[in-house]
Amino acid sequence: MNLLFIGDVVGQPGRRAISDQLPTLRNRLKLDLVVANAENIADGAGITRKTATELFAAGVDVMTNGNHAWDKKEALEYITTEPRLLRPHNYPDGTPGTGWFVATLASGHKVGILNLMGNVFMHPHLACPFTAASRALAEKPADVKMVLVDLHAEVTSEKMAMGWYLDGRVSAVVGTHTHVPTADERILPQGTGYITDVGMTGCYDSVIGMDTEKSLKRFVQKLPERFEVAEGVGTICGVLLDLNESSGLCRSITRVRVTESVPETASKVA
Ligand SMILES: [Fe+2]
């Protein structure tokens, strides 16, 4: 079965690229399931009902999340009404929403999606993502053979460690958050697909999706400046995972990079 995982969708350029390209990708890649990390879909930070609805309408089936989950306050209420929108599973008990969802495919097969957040340089007060992963897998229904894990984390080492920790126990571990794709996709020895970071879906003429000039002001002049989403052509960065429905393991993992089609006159947006 073919699963496309789309890396961190940043603002309007990211949403636009998905609306423009995902319907074609669904057919071309014979996708059975599409999961996207959506923590930056609304103005580059957070999630609103309106922006999430836009991505669901474009063909995203399930959305994962991260450290910007609550930047738009309406997400606290919205997430309680939308089970296909996850938040990291290692938040304390009682946090709105959940980090676990089971998607049922047209074929009847089930895929568990588990969203976790890293502790290192990220969110040290959340529960250990490794313990949270083991706990979630222990509670997994027996008919859920395939499991995708999105570990939203800052450091490469924590994500790699999670790959090894879950090798053979889940279908794939994909990393998100840094907005820069890594070239280390592979199948680990026990059959789990792995990549340290899937990369960003948004405008690459930017500093990780944010306006370059404003970002430079912060770095060069050390002056406060509000981040703003960079305007320009959007690119989808994702990974295509071919999963074995019986064993739940990964047959292949392939990086996917597709840019939105733009009219000739608009191909160079400032
Ligand atoms: Fe993040």
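Residues numbered from 1 in each chain as written. Predicted model: local features only at pLDDT ≥ 70, side-chain atom pairs only at ≥ 80, totals over all residues. Heavy atoms only, no water.

Participant: I would appreciate a short explanation of the overall build of the chain in the present structure.
Facilitator: Regarding its fold elements, the chain presents 6 helices and 12 strands. In terms of C-alpha radius of gyration, the chain reaches 18 Å, essentially the compact-globule figure of 18 Å for 270 residues. A principal-axis box enclosing the C-alpha atoms of the chain has dimensions of 50 × 40 × 35 Å. Taking all 270 residues of the chain together, 54% fall into the buried category. Long-range contacts, defined here as pairs at least 24 residues apart, represent 64% of the contacts in the chain between residues at least 6 apart. When the accessible surface of the chain is totalled, it reaches about 11800 Å², and 54% of it is carbon and sulfur. (Helix = DSSP H or I, 4+ residues; strand = E, 2+ residues; numbered from the N terminus. Rg over C-alpha atoms; globule rule 2.2 N^0.38 Å. Buried < 20%, exposed > 50% of the residue type's maximum accessible area, 1.4 Å probe, protein only. Contact = heavy atoms within 4.5 Å. Areas by Shrake-Rupley, 256 points an atom, 1.4 Å probe, with all protein chains shown as cover.)

Participant: Even after reading the chapter, I still don't get the nonpolar core, so can you show me in this structure?
Facilitator: Here is a general trend for soluble globular proteins: nonpolar side chains tend to be buried in one another's company. In this structure, Ile6, Ile18 and Leu22 are the most contacted members of the largest nonpolar core, which totals 34 residues. Residue assignment for this core shows that the elements contributing at least two residues are strand S1 (2-6), helix H1 (11-28), strand S2 (33-37), helix H2 (49-58), helix H3 (74-78), strand S11 (234-243) and strand S12 (250-259). With residues near it in sequence (within four places) discarded, Leu22 still touches Leu4, Ile6, Ala17, Leu31, Val34, Ala58, Gly59 and Val60. Counting residues in hydrophobic clusters, the runner-up holds 23 residues, among them Leu33, Val35, Val111 and Ile113. (Core = buried A, V, L, I, M, F, W, Y, C linked by side-chain atoms within 4.5 Å.)

Participant: Sorry, what's going on with the environment of Thr192 here?
Facilitator: With respect to the element layout, Thr192 can be found in the loop between strand S8 (186-187) and strand S9 (193-195). Sequence-wise, Thr192 and Tyr204 are 12 residues apart; in three dimensions their C-alpha atoms are separated by 29 Å. Within the structure, Thr192 has its side chain in polar contact with the backbone oxygen of Leu166 (distance 3.4 Å). There is a polar contact of 2.7 Å between the side chain of Thr192 and the backbone nitrogen of Gly168. (Polar contact = N/O pair within 3.5 Å; in protein donor to acceptor, adjacent residues only side chain to side chain.)

Participant: Help me understand the coordination of the iron ion, please; the structure alone is not making it clear to me.
Facilitator: Listed as protein donors to the iron ion are Glu39 (OE), Asn67 (OD1), His152 (NE2) and His177 (ND1); their distances from the metal cover 2.0 to 2.2 Å. Here the iron ion binds 4 donor atoms, and the angle range of 88 to 155° at the metal identifies the geometry as irregular. Read in sequence order, the donor residues coordinating the iron ion give the pattern E-x27-N-x84-H-x24-H. Here Glu39, found in the loop between S2 and H2, pairs with His152, found in strand S6 (residues 146-152); they are 113 residues apart in sequence, far enough to count as distant. Residue Glu39 shares its accessibility class with His152, and that shared class is buried. (Donors = N, O, S within 2.8 Å, 3.2 Å for Na, K, Ca; no water. Tetrahedral: all angles 85-135°; square planar, octahedral: opposite > 155°, others 65-115°.)

Participant: Would you take a moment to explain the layout of surface pockets for this structure?
Facilitator: Left-over empty space is what a probe sized like a water molecule reveals as it rolls over the atoms. Considered as a void within the structure, the largest pocket measures approximately 530 Å³ in volume. In this structure, the largest pocket is lined by 28 residues; those nearest its centre are Asp43, Gly44, Ala45, Met210 and Phe227. For the lining of the largest pocket, the secondary structure elements donating two or more residues are H1 and helix H6 (212-221). It is H1 that provides the largest number of residues to the lining of the largest pocket, a total of 3 residues. Classifying every residue of the lining of the largest pocket by side-chain character gives 8 nonpolar, 12 polar and 8 charged. In this structure, the second largest pocket occupies an estimated 250 Å³ of space. Lining the second largest pocket are 17 residues; nearest its centre among them are His89, Asn90, Tyr91, Asp93 and Arg135. Grouping the amino acids of the lining of the second largest pocket by side-chain chemistry returns 6 nonpolar, 7 polar and 4 charged. (1 Å grid on protein atoms, 1.4 Å probe; cavity = no way out; pocket = protein on both sides within 12 Å on 5 of 7 lines; lining within 4 Å. Points joined across faces, edges and corners; volume = space filled by probe spheres on them. Nonpolar A, V, L, I, M, F, W, Y, C, P; charged D, E, K, R; others polar.)

Participant: Quick question: what am I supposed to make of the pairing of S1 here?
Facilitator: Burial of S1 is extensive: 5 of the 5 residues sit out of reach of the surface. Alternating residues of S1 divide into Asn2, Leu4 and Ile6 and Leu3 and Phe5, and every residue in both groups is buried. In terms of strand pairing, S1 meets S2 through 4 bridges, oriented parallel. Bridge assignment links Ile6 to a residue of S2, and that residue is Ala36. For the crossover that starts at S1, traverses H1 and ends in the parallel S2, the hand is right-handed. (Pairing = 2+ DSSP bridges. Right-handed = clockwise from strand over helix to strand, strands pointing away.)

Participant: Teacher, can you tell me more about the pattern of salt bridges here?
Facilitator: Proximity of charged atoms lets side chains of opposite charge pair with each other. In this structure the tally under the stated criterion is 12 salt bridges. Between Arg251 and Asp242 there is a salt bridge whose closest N-O contact spans 3.0 Å. The partly exposed category is assigned to Arg251, whose relative accessible area is 45%. When salt bridges that share partners are traced, they join Lys214, Lys217 and Glu225 into one network. (Salt bridge = Lys/Arg side-chain N within 4 Å of Asp/Glu carboxyl O.)

Participant: Help me understand the confidence of the model for the chain in this model?
Facilitator: Low pLDDT means the predicted atomic positions in that stretch should not be read closely. Per-residue confidence for the chain gives a mean pLDDT of 95, with 97% of residues at or over 70. Ignoring residues within four places in sequence, the model shows residues 266-270, a span with pLDDT below 50, making 5 contacts including any to other chains. (pLDDT = per-residue confidence, 0-100.)

Participant: What exactly am I supposed to notice about a nonpolar patch on the surface here?
Facilitator: Nonpolar side chains collect at one region of the surface, where Leu216, Phe219 and Val220 lie side by side and expose about 330 Å² of accessible area between them. Structurally, Val220 can be placed in helix H6. By relative accessible area, which is 61% here, Val220 ends up exposed. (Patch = residues over 30% accessible without salt bridge, like charges linked within 9 Å, V, L, I, M, F, W, Y side chains within 5 Å.)

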